[in-house]
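The chain contents come next:
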Amino acid sequence: METFATVRELVAKEQPNTPVHILRPHVVKTAAKFFLDNFPGEIVYAVKTNPEADVLDTLYQAGVRHFDVASLHEIHSVASRFPDAKMHYMHPVKNREAIRKAYFEYGIRDFSLDSYEELEKILAVTNHAEDLRLFVRLSISNGHSAYALSGKFGIPVLEAADLLRECQKYAKQTAICFHVGSQCMNPEAYSNAMMLVANLLKSNNLTIDILDIGGGFPSVYPDLAPPPLMDFMKTIAKSFRKFKKLNPNCELWSEPGRALVAEGGSLLVRVDLRKGNKLYINDGTYGTLFDAGH
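Right, let's walk through the structure included here. Quick caveat, the model's predicted, so the values are computed rather than measured.

### Brief notes about the overall build of the protein
For the protein, the helix and strand inventory stands at 11 helices and 15 strands. In terms of overall size, the protein behaves like a compact globule, its C-alpha atoms giving a radius of gyration of 21 Å where 294 residues would be expected to give roughly 19 Å. Counting only C-alpha atoms, the protein reaches 65 × 40 × 35 Å along its principal axes. The burial tally for the protein puts 45% of its 294 residues in the buried class. A separation of at least 24 residues holds for 65% of the contacts in the protein among residues at least 6 apart in sequence. If you average the places of the 33 positive and of the 34 negative side-chain charges in the protein, the two averages end up 4 Å apart.

Encoded structure:
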């Protein structure tokens, strides 16, 4: 990776004809340090957000040691760079070969699921291993987020207790995880979800070892100005203190992605044509700017 003091210096030297990804490691390190210092639990980086080697290296150097992996490629990327890192396979749907390699070749013991079918698959492939930590993913409201994710993954809350009980028959530890939606704009979304879990456990006389509140923490965009991240930290810490009264031995996890890396990178493009107020650039929504197109 080449290093430049400014973007202008890069343009002057390289005169690039193709789009250029720019990484600002100091911004990524600052974001990681904020979460590590202020989140009242374990930080697990969602690798799918940005799996580039330089990004992973920067986060590791900042102190991140736990990684949420969603594919064998991500697993290999983390394992090959950081032998001491802890990986957690938090994709609720995995193929059998991926489960087998994750467990037997990479030593992963944490798996998320949202169905009995996925549970049966995990148990069968791992030969009913006795050291599994199973995370039941809930489907909860994503009403406070820019991008809703509740329709794709997660078991309905009313059905979750029975699945959790089934997991507890086989797992060394059990957990509940959820996702409030990407680019969440209201800290209370986490508080509401945590209380939903607390009520679910209380009404079914259940306890868990880990509560994973997922990601969704927002970044600043030209048309989106979220509340300060410290507001999220304070709300989550207050809610978890209440949660702990019912589950005193429970750990708290989070899986930030966007909030760690979005503001640490940008894309340099070239204007190829101007038509009035329209600019035609050398990238687009079928390339790097897919998310911007949304």
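Anyway, onward from the coordinates.
### Focus: helix α2 (residues 25-38)
Since there are 3.6 residues in each turn of an α-helix, residues three or four apart along the chain are aligned in direction. For α2, built from 14 residues, the straight-helix expectation of 20 Å at 1.5 Å per residue is met to within 8% by its first-to-last C-alpha distance of 20 Å. Residues of α2 that are buried make contact with β1 (20-23), β2 (42-46), α3 (53-62), α9 (229-246) and α10 (258-261).

### What about the pairing of strand β12 (residues 251-254)?
Direction of pairing for β2 relative to β12: parallel, over a ladder of two bridges. Within β12, the position partnered with Ile 43 by the bridge is Ser 254. Relative to β12, strand β11 (residues 210-212) runs parallel, the two being bridged by three bridges. Its bridge partner being in β12, Leu 211 is matched across the sheet by Leu 252. The parallel pair β11 and β12, bridged by α9, forms a crossover whose chirality is right-handed.

### What about the packing of helix α7 (residues 157-168) against helix α8 (residues 188-203)?
The contact between α7 and α8 brings their axes to 10 Å, and the two run at 55°. Of the possible angle classes, the one that applies to α7 and α8 is oblique. As α7 runs across α8, the sense of the crossing is right-handed. Facing Val 157, Ala 160, Ala 161 and Leu 164 of α7, the residues of α8 in contact are Leu 196, Leu 200 and Leu 201. Its residues assigned to classes, the contact of α7 with α8 comprises seven nonpolar, no polar and no charged.

### Overview of the packing of aromatic side chains
Within a pair of aromatic rings, the relevant descriptors are the distance that separates the centres and the angle that separates the planes. In this structure the tally under the stated criterion is 12 aromatic pairs. An angle of 35° between the planes, with centres 6.1 Å apart, marks the rings of Tyr 89 and Phe 111 as tilted. Taken together, the residues Tyr 89 in strand β4 (residues 86-89) and Phe 111 in strand β5 (residues 110-113) connect sequence positions 22 residues apart. For Phe 111, a relative accessible area of 0% puts it in the buried group. Ring geometry for Tyr 190 versus Phe 217: centroids 4.9 Å apart, planes at 10°, classification stacked. Placement of Tyr 190 in helix α8 and of Phe 217 in the loop between β11 and α9 is noted, with a sequence separation of 27 residues between them. The two residues Tyr 190 and Phe 217 agree in class, both being buried. Lying across the ring of Tyr 60, Arg 65 places its NZ or CZ 3.6 Å from the centre. Sitting above the plane of the Tyr 103 ring, Arg 109 keeps its charged end 3.7 Å from the centroid.

Scoring rules and cut-offs
Per chain, the residues get numbers from 1 upward, laid out in the order the sequence is written. Note on the predicted model: pLDDT of at least 70 is required for a residue's local features to be given, and 80 or more for side-chain atom pairs to be given and counted; whole-chain, interface and lining totals, by contrast, use all residues. Side-chain measures here rest on the full set of heavy atoms in the structure, leaving out hydrogens and waters. Secondary structure counts use DSSP, requiring at least four H or I residues in a row for a helix and at least two E residues in a row for a strand, with both numbered from the N terminus. Here the radius of gyration uses the C-alpha set of atoms, whereas the globule reference equals 2.2 Å times the residue count to the power 0.38. Each residue is placed in one exposure class: buried if its accessible area under a 1.4 Å probe, protein chains only, is under 20% of its type's maximum, exposed if it is over 50%, and partly exposed if it falls in between. Here a residue-residue contact requires only that any non-hydrogen atoms of the pair lie within 4.5 Å. Charge assignment: positive for Lys and Arg, negative for Asp and Glu; neither His nor the chain ends contribute. The atoms used to mark charge sites are NZ of Lys, CZ of Arg, CG of Asp and CD of Glu. One less than the residue count of a helix, multiplied by 1.5 Å, gives the span that helix is expected to have. Between any two strands, at least two bridges found by DSSP are needed for them to pair. Consider the strands pointing away from the viewer: the crossover is right-handed when the path from the first strand over the helix to the second runs clockwise. Helix axes use the C-alpha atoms of the stretch in contact, all axes being lines fitted to C-alpha atoms, and the angles between their N-to-C directions lie in the range 0 to 180 degrees. Should an angle lie under 35 degrees it is considered roughly parallel, over 145 roughly antiparallel, and from 65 to 115 roughly perpendicular; all remaining angles are considered oblique. Left-handed describes a crossing whose near helix is turned anticlockwise from the far helix by less than a right angle; the clockwise case is right-handed. Amino acids outside the nonpolar list (Ala, Val, Leu, Ile, Met, Phe, Trp, Tyr, Cys, Pro) and the charged list (Asp, Glu, Lys, Arg) are all regarded as polar, and Gly is one of them. Each pair of aromatic rings taken from Phe, Tyr and Trp, with Trp reduced to its six-membered ring, is defined by centres within 6.5 Å and is described as stacked if the planes are under 30 degrees apart, edge-to-face if over 60, and tilted in the remaining cases. Cation placement over rings: the criterion is NZ of Lys or CZ of Arg within 6 Å of the ring centroid and within 35° of the ring normal.

Spatial relationships are all this shows, so hold off on functional conclusions.
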